2 protein chains.
Amino acid sequence: MFSGAQISLYPMTDDFVGVIMSALGALDPYRERLRIETDDVSTLLVGPPEVLFPAMRDLFSAAARTGVHCTLSAAISRGCPGEPDDAICASSRFEGSITPLAQRRAKALSAVANAANLDVPSVAQFSLYVMGQGSHMDEIYGCIDFLKQSGTFEKSKHFVTKLRGDSGALFATLEQAFCSFGPPEGHVTIDLTVSANSPSAR
Amino acid sequence: MFSGAQISLYPMTDDFVGVIMSALGALDPYRERLRIETDDVSTLLVGPPEVLFPAMRDLFSAAARTGVHCTLSAAISRGCPGEPDDAICASSRFEGSITPLAQRRAKALSAVANAANLDVPSVAQFSLYVMGQGSHMDEIYGCIDFLKQSGTFEKSKHFVTKLRGDSGALFATLEQAFCSFGPPEGHVTIDLTVSANSPSAR
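Here the residue numbering is sequential within each chain, running from 1 through the sequence in written order. Chain letters start at A and ligand numbers start at 1, both assigned in the order the entries are written. Local features are withheld for residues below a pLDDT of 70 in this predicted model, meaning they are given only at 70 or higher, and side-chain atom pairs are given and counted only at 80 or more; totals for whole chains, interfaces and linings count all residues.

Take the overall build of chain A next. Strands are runs of DSSP state E lasting at least 2 residues, helices are runs of H or I lasting at least 4, and numbering of each runs from the N terminus. From N to C terminus, chain A includes five helices and eight strands. For chain A, the succession of helices and strands along the chain, N to C, is β-α-β-β-α-β-α-β-α-β-β-α-β. At 16 Å, chain A has a C-alpha radius of gyration in line with the 17 Å of a compact globule built from 202 residues. Judged by the C-alpha coordinates and their principal axes, chain A covers about 50 × 35 × 30 Å. Our exposure labels follow a C-beta count within 10 Å of each residue's own C-beta, placed from the backbone: buried means 20 or more other C-beta atoms, exposed means 12 or fewer, and partly exposed covers the counts in between. Buried positions account for 52% of the 202 residues belonging to chain A. Our radius of gyration looks at C-alpha atoms and nothing else; its globule reference is 2.2 Å times the residue count to the power 0.38.

We now examine the sheet that holds strand β5 (residues 121-131) of chain A. Hydrogen bonds between backbone atoms are what pair the strands of a sheet, whose relative direction is either parallel or antiparallel. Residues and elements named next belong to chain A. Pairing between two strands requires that DSSP report at least two bridges joining them. In spatial order, the strands read β2-β3-β1-β4-β8-β5-β7-β6; together these eight strands make up an open sheet with antiparallel pairing. Unpaired on one side and paired on the other, β2 (35-38) and β6 (153-157) mark the two borders of the sheet. Across the sheet, the mean angle separating the axes of adjacent strands is 20° when strand polarity is ignored. For strand β1 (residues 3-11) and strand β4 (residues 70-78), the ladder comprises nine bridges, and the chain directions are antiparallel. Counted as the bridge partner of Q6 is A75 from β4. Here the contact rule is simple: place C-beta atoms from the backbone, and any two residues whose C-beta atoms are within 7 Å are in contact. Angular values range over 0 to 180 degrees, each being the angle between N-to-C directions of two axes fitted as lines to C-alpha atoms, with helices fitted over their stretch in contact. Helix-sheet contacts for helix α1 (residues 16-23) involve β1 and β4, and the interaxial angle to β1 is about 140°. Along the sheet, helix α5 (residues 167-180) contacts β4, β5, β7 (160-166) and β8 (187-196); its crossing angle with β7, the most-contacted strand, is approximately 140°.

It is worth spelling out the interface of chain B and chain A at this point. Taken together, the contacts link 45 residues of chain B with 45 residues of chain A. Elements with a minimum of two residues in the side of chain B that touches chain A: β1 (3-11), α1 (16-23), β3 (43-46), β4 (70-78), β5 (121-131), α4 (136-149), β7 (160-166) and β8 (187-196) of chain B. Of the residues in the side of chain B that touches chain A, the class split is 19 nonpolar, 20 polar and six charged. We call Asp, Glu, Lys and Arg charged. Ala, Val, Leu, Ile, Met, Phe, Trp, Tyr, Cys and Pro are nonpolar, and the rest, Gly among them, are polar.

What pLDDT reports is the predictor's confidence in each residue, on a scale of 0 through 100. Residues at a pLDDT of 70 or more form 98% of chain A, whose mean pLDDT is 93. The complex model carries a pTM of 0.95, and its ipTM stands at 0.93.

Attention shifts here to the relation of the copies chain B and chain A. With an axial shift of 0.0 Å and an RMSD of 0.0 Å, the rotation relating chain B to chain A amounts to 180°. These values place the two chain copies in the arrangement generated by a two-fold rotation axis. A share of 100% of the interface residues of chain B reappears at the interface of chain A, consistent with the copies meeting face to face through the same patch. Least-squares superposition of the copies uses the C-alpha atoms of those residues scoring a pLDDT of at least 70 in each of them.

Let us look at the nonpolar core. The tendency in soluble globular proteins is for nonpolar side chains to be buried as a group. Of all hydrophobic cores here, the largest spans 120 residues; its most connected members are M56(A), A63(A), L174(A), M56(B), A63(B) and L174(B). Setting aside chain neighbours within four positions, we find L174(B) in contact with F53(B), A124(B), F126(B), I190(B) and L192(B). A set of buried residues qualifies as a nonpolar core if it consists of Ala, Val, Leu, Ile, Met, Phe, Trp, Tyr and Cys joined through C-beta atoms within 7 Å.

We now examine the sheet that holds β1(B). All names here are of chain B. Reading across from one edge, β2-β3-β1-β4-β8-β5-β7-β6 is the order of the eight strands in this open sheet, with antiparallel pairing throughout. Each end of this open sheet is capped by a strand with a single partner; those strands are β2 (35-38) and β6 (153-157). Neighbouring strand axes in the sheet, compared pairwise and without regard to direction, differ in orientation by 20° on average. In this structure, β6 lies alongside β7, joined through four bridges in antiparallel fashion. The residue of β7 that forms the bridge with F153 is L163. Taken strand by strand, helix α2 (residues 49-64) contacts β1, β3, β4, β5 and β8, and its axis lies near 5° from that of β1.

Further remarks concern the packing of helix α3 (residues 101-113) of chain B against helix α5 (residues 167-180) of chain B. Residue and element names in this part refer to chain B. At their nearest, the axes of α3 and α5 sit 9 Å apart, and the two run at 160° to each other. Taken together, the axes of α3 and α5 are roughly antiparallel relative to one another. Both α3 and α5 take part in a crossing whose hand is right-handed. On α5, the residues touching R104, K107, A108, A111 and V112 of α3 are A169, A172, T173, Q176 and S180. Among the residues making up the contact of α3 with α5, the classes are represented as five nonpolar, three polar and two charged. Throughout, the term roughly parallel applies to angles under 35 degrees, roughly antiparallel to angles over 145, roughly perpendicular to angles from 65 to 115, and oblique to all others. If you view the pair so one helix is near and one far, a crossing is left-handed when the near helix is turned anticlockwise from the far one by less than a right angle, and right-handed when it is turned clockwise.

Moving on to the environment of A169(B). Residue and element names in this part refer to chain B. Within the secondary structure, A169 is located in helix α5. Using a count of 24 C-beta atoms within 10 Å as the deciding quantity, one classes A169 as buried. Measuring from C-alpha to C-alpha, the distance between A169 and C179 comes to 15 Å, with ten residues separating the pair along the chain. In this view, A169 contacts V112, A115, G151 and T152; residues no more than four positions away in its chain are not counted.

Residues and elements named next belong to chain B. Buried residues dominate β5, accounting for ten of its eleven residues. By the bridge criterion, six bridges tie β5 to β7 in an arrangement that is antiparallel. Across the sheet, residue A124 finds its bridge partner in β7, namely L163. For β5 and β8, the ladder comprises nine bridges, and the chain directions are antiparallel. Residue pairing in the sheet places S127 in a bridge with D191 of β8.

The following block contains the structure:
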């Protein structure tokens, strides 16, 4: 199943190029397990969720540690019927048939509870889309139940859910939301914004 | 049908607050026809597409005219079954039953051809999601046909389509993509990034 993301990093400073260039080093441990392509709007990361989410987490956290207000924006996708499969995306995460919602929720909560602490206070705002089936809202509501118990939930807003916490817990929550809801072979996407150091939040 | 967007404006400058505050004046002509709420991550705009897209266009264009590299990020939605209806969203755009794809495409192309010119060269990158039906990819492919003939199409990338042109034509293209594909009463969303003045593009 093809999976990956188009991501953009926005440091709100005159030296945005410098912040981006220095943060890119955080992707080095992941480069062999991701296909990476950059243009003037975004950087494509192709790879399995268990590599993709830690890579986004570390890139964002490196930029946020400069103290500059910065955001990461990402369009994350798995199982899009229009995309060819790619060996680099191989993941055991989606094997087998779908298990009951309660079981998936419990596993997801355990993964968030065990997330690494990166000491980067952040907020995340995202929408989860489950395509190609009539019951897509059941999976969405199941995911919202998980989010509310995750310890990172801040509030529901129109169209999106807002999380707050350490970047480690936030990206663990996002990875679980992405992988644990919707059919294993289904087309699932996330529209994500992560933000740190906003003057509005002080 | 409830419709609106969560939008964020990212000027890549030390004076990002100043650029955002001055650009907000561009929303003034639309304020009576939109519900607007802001927090530390995004601004909610609730209203019909024919107000929403011009408002986003003018906000983005005002920021881009400063010459600063800036991007607008938006999660745009209509018909979400989890949202209550709101009188401010009333629009004649979605009345009647769905017409054949070819007919919708022709109307959409005509709207883009007649778009205002704002003289703000920009790029846009977006994903269109049509939820809650098995044939969602037919509507996506119909939309891609429209985009390829729109005059704003730059290329397809993984997960997203990239447009290039004047901000007037870009937001007209986006409004048509949002309104003309998927069932009139369906749940349709766009994950959008618009960018201007990127040093990478020079």
